[in-house]
Amino acid sequence: MPFHLSLPPEFFPSLSLSLSGSLYLPLQSPYLFYLRPSLLLLLGRVKSMIQRRSFSCLLYVLGMLLLYSASLVCGGDIVHHDDSIPQRPGCNNNFVLVKVPTRVDGKEKEEFVGVGARFGPTLESKEKHATLIKLALADPPHCCTTPKSKLTGEVILVHRGNCSFTTKTKVAEAAGASAILIINNSTDLFKMVCEKGENVLDINIPVVMLPIDAGRSLEETVQSNSIVTLQLYSPKRPAVDVAEVFLWLMAVGTILCASYWSAWTAREEAIEQDKLLKDGSDELLQVSTTSSRGVVEITVISAILFVVVASCFLIMLYKLMSFWFIEVLVVLFCIGGVEGLQTCLVALLSCFRWFRRIGESYAKVPLLGAVSYLTLAVCPLCIVSAVIWAVYRQYPFAWIGQDILGISLIITVLQIVRVPNLKVGVVLLSCGFMYDIFWVFVSKWWFRESVMIVVARGDKSGEDGIPMLLKIPRMFDPWGGYSIIGFGDIILPGLLVTFALRYDWLANKRLKSGYFLWTMSAYGLGLLITYIALNLMDGHGQPALLYIVPFILGTLTVLGHKRGDLKTLWTTGEPERPCPHVRLQHQS
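Residues numbered from 1 in each chain as written. Predicted model: local features only at pLDDT ≥ 70, side-chain atom pairs only at ≥ 80, totals over all residues. Heavy atoms only, no water.

Counted only if it meets this: UniProt positions are given in the numbering used here, feature names are shortened, and annotations may be inferred rather than shown by experiment.
The chain has the name PA domain-containing protein in an unreviewed UniProt entry, where Brassica oleracea var. oleracea is given as its organism. What the UniProt record of the chain gives under Function (unreviewed entry) is the line "Intramembrane-cleaving aspartic protease (I-CLiP) that cleaves type II membrane signal peptides in the hydrophobic plane of the membrane." Under the UniProt heading Subcellular location (unreviewed entry), the entry covering the chain gives this text: "Endosome membrane".

### Thoughts on a nonpolar patch on the surface
Selection rule: To count toward a patch, a residue needs a relative accessible area above 30% and no salt bridge. Like charges then connect within 9 Å, nonpolar side chains (Val, Leu, Ile, Met, Phe, Trp, Tyr) within 5 Å. Values of accessible area rely on a 1.4 Å probe in the Shrake-Rupley scheme; residue burial ignores everything except the protein chains shown. Salt-bridge detection follows one rule: a side-chain nitrogen of Lys or Arg within 4 Å of a carboxyl oxygen of Asp or Glu. For the purposes of this entry, the term helix denotes a DSSP run of H or I that reaches at least four residues, the term strand denotes a run of E that reaches at least two, and both are numbered from the N terminus. Three exposure classes are used, based on accessible area relative to the maximum for each residue type with a 1.4 Å probe and protein chains only: buried under 20%, partly exposed in between, and exposed over 50%.
A cluster of nonpolar side chains, namely Ile383, Val384, Val387, Ile388, Val391, Tyr392, Tyr395, Phe397, Ile400 and Ile404, defines an oily patch on the protein surface of about 930 Å² accessible area. Only helix H9 (373-391) and helix H10 (398-416) provide two or more residues apiece to the nonpolar patch. Sort the elements by how many residues they give to the nonpolar patch and H9 lands first, with 5 residues. Secondary-structure assignment places Tyr395 in the loop between H9 and H10. Assessed through its relative accessible area of 44%, Tyr395 is described here as partly exposed.

### Comments concerning the packing of aromatic side chains
Stated formally: Only the six-membered ring of Trp is used, alongside the rings of Phe and Tyr, when aromatic pairs are assigned; centres must lie within 6.5 Å, and planes under 30 degrees apart are stacked while those over 60 apart are edge-to-face, with the rest tilted. The criterion is that NZ of a Lys, or CZ of an Arg, lies within 6 Å of the ring centre and within 35 degrees of the ring normal, and then a charge sits over that ring.
Tallying each qualifying case throughout the model produces 14 aromatic pairs. Plain terms: the ring middles of Tyr260 and Phe516 are 5.6 Å apart, the flat faces sit at 80° to each other, and that makes the pair edge-to-face. With Tyr260 in helix H4 (residues 242-278) and Phe516 in helix H14 (residues 516-536), this residue pair connects regions lying 256 residues apart in the sequence. On the basis of relative accessibility, which here comes to 35%, the residue Tyr260 falls in the partly exposed class. The exposure class of Phe516 is buried, given its relative accessible area of 3%. Among the aromatic residues, those joined into a ring-pair cluster are Tyr318, Phe438, Trp439, Trp446 and Phe447. The ring of Phe190 is capped by Arg160, whose NZ or CZ atom sits 4.2 Å from the centre of that ring. One residue, Arg563, lies across the ring of Tyr515, its end atom 5.0 Å from the ring centre.

### Re unusual backbone geometry
Each neighbour pair has its own omega, and for Asp139 with Pro140 the value is 10°, a cis peptide bond. As for its position among the elements, Pro140 is in the loop between strand S5 (133-137) and strand S6 (155-159). Residue Cys143 is not a glycine yet carries a positive backbone phi of 55°. Position of Cys143 among the secondary structure elements: in the loop between S5 and S6. Overall, Cys143 belongs to the buried group, its relative accessible area being 1%. Even without being a glycine, Arg448 presents a positive backbone phi close to 65°.

### Here's the deal with helix H2 (residues 165-174)
We apply this condition: Should any heavy atoms of two residues lie within 4.5 Å, those residues are counted as being in contact.
Among the residues making up H2, those that are buried are Phe165, Thr166, Lys168, Thr169, Val171 and Ala172. Its buried side turned inward, H2 meets S6, strand S7 (179-183) and strand S8 (207-210). Residue Gly176 follows H2 closely and has a positive phi angle near 105°.

### Focus: the side chain of Thr530
Rules: Here a polar contact is taken to be a pair of N or O atoms separated by no more than 3.5 Å, where protein atoms must pair a possible hydrogen donor with a possible acceptor and residues adjacent in sequence count only if both atoms sit in side chains.
Here Thr530 is to be found in helix H14. For Thr530, a relative accessible area of 0% gives the class buried. A polar side-chain atom of Thr530 sits 2.8 Å from the main-chain carbonyl oxygen of Gly526.

### Thoughts on the state of the cysteines
In plain terms, the rule: The disulfide definition used here is simple: a pair of cysteine sulfur atoms within 2.5 Å.
A full pass over the atoms with the stated rule returns 1 disulfide. The side chain of Cys144 participates in a disulfide bridge whose partner is Cys163; the two sulfur atoms lie 2.1 Å from each other. Across the disulfide from Cys144 to Cys163, rotation about the S-S bond amounts to roughly -90°, and the bridge is consequently left-handed. Taken together, the residues Cys144 in the loop between S5 and S6 and Cys163 in the loop between S6 and H2 connect sequence positions 19 residues apart.

### A short note on the packing of helix H11 (residues 422-447) against helix H13 (residues 488-506)
Filter applied, for reference: Each axis is a line fitted through C-alpha atoms, and for a helix only the stretch in contact is used; angles between axes span 0 to 180 degrees, taken between their N-to-C directions. Here the angle decides the label: under 35 degrees means roughly parallel, over 145 means roughly antiparallel, 65 to 115 means roughly perpendicular, and every other value means oblique. The crossing is said to be left-handed when, going from far helix to near helix, the turn is anticlockwise and less than a right angle, and right-handed when the turn is clockwise. Put simply, Ala, Val, Leu, Ile, Met, Phe, Trp, Tyr, Cys and Pro go in the nonpolar bin, Asp, Glu, Lys and Arg in the charged bin, and everything else, Gly too, in the polar bin.
At a closest axis distance of 10 Å, the pairing of H11 and H13 adopts a crossing angle of 160°. Compared by their axis directions, H11 and H13 come out roughly antiparallel. As for how H11 packs across H13, the hand of that crossing is left-handed. Of H13, the residues touching H11 (which contributes Leu422, Gly425, Leu428, Leu429, Gly432 and Asp436) are Asp489, Leu492, Pro493, Leu495, Leu496 and Phe499. Each residue belonging to the contact of H11 with H13 can be placed in one class, and the counts come to 8 nonpolar, 2 polar and 2 charged.

### Digging into the environment of Arg357
Mapped onto the secondary structure, Arg357 falls in helix H8 (residues 353-359). Classification of Arg357 by relative accessible area gives exposed; the value is 69%.

Here you go:
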């Protein structure tokens, strides 16, 4: 944390000290002798802190670039609005996902998922209202000409190709089919639209596309002389899922814990500095020179460069998204998760008297230097936890391990990386605001899809998404899936929230008269509005900073201006504290 020595101007008009260790004193000052013991000890502390913090701080700065590559709140799309494809009478449906539960010879079997077409009637939303219908194979398979056998209300299974989707549907409807399932030629789902020139369509049977693996499975079952029956329905997502409530609590709670840890550390540092500056007593000179944990302070330039580099990294993720690249991200996430988890556990255990002595005892480790015995005891547990998550990350319960590692990493980053003043915070969050809007919405114009959403979902990688996300399974959603939030949507606003609490504690402000309570409330309200927008958009991913940043910056700026602290918040970021050094009487 930067600090300044403020002495009476008539004594030392040019005295200042910063973390760089630079000290400016009039060499002829008659008072230098009185300050020398405390200043030398203080400079020794500063030098030690700068030397010891370099590796961990660089690790977290690089880690933040990785973490912010995913900045998104998402619930998973079930309704796909596509304005690029024109709508016409009879051809104006939304592209909705469709459940296709099947029965073979009366026994329940697999449930497949398809996508509805732009044309045709809408499907039932509840399974109990969907009719159980027998499945039949088309002959010829592409259903571009009248089937050889007459249908009596069956669902017909056809192959894609040779003619348009609307032609297949009209032929199937004329033959007596009650619905048509079209097998795609890949595992993806294709949006079925009307052909050019088809202005008015009169299609009265549902049309659903299935991926090739689902279609082949049904085709083989029917060819084995088994009786296959199925239902077609498209359930609606609930207005609010409990997962979103828990995810909101996780995000707010993470920032809350990180803020109090950061503020407590800043206050301890300030108290220690005050003690060192009071006098040069022998008792203080004998104090151990072990330094406090170093921090990285963001500057205006680094805030701008941070978002530029994060954008480049996001494009790299988008272009190189594959199974092996996800594996690399998993390894990097595990390394950061281990460091974050052990940092949090050591800090937590050190609060207890039984572990305090172990935490203050050190052993020399090759390449790492002095490491506490408590860290050595905790580290294997953290490594095992990360390895277990990496091995079993495809299992349904793996989200628990991912969230524990992620929260630990976020808290540690918010403890290490700091915003020194409001000016840097405004620049950082403003850049993040534009970053989120561009890569979620504007990127569609260049890449024909939302780059941020594609990266967050891990498309083309065979995985359920990148690991730099907090996620909770949607408990009451018939479509299942996860509600997710990117690390960047917690870390960037969290930097300003932790700054507000540090300022309050150093200024000895009460909760209501300070800035933390209102900034924290602004973050919670902004995130809440994000989830409201998420549900209004049928689960389509939302850039959380679009809603959070105006609330946080607006709240902190307006309150600072009203209370007369805006200049201090904007420039130094710290309240003016009187120098604890005993004022020296001017000698004639």
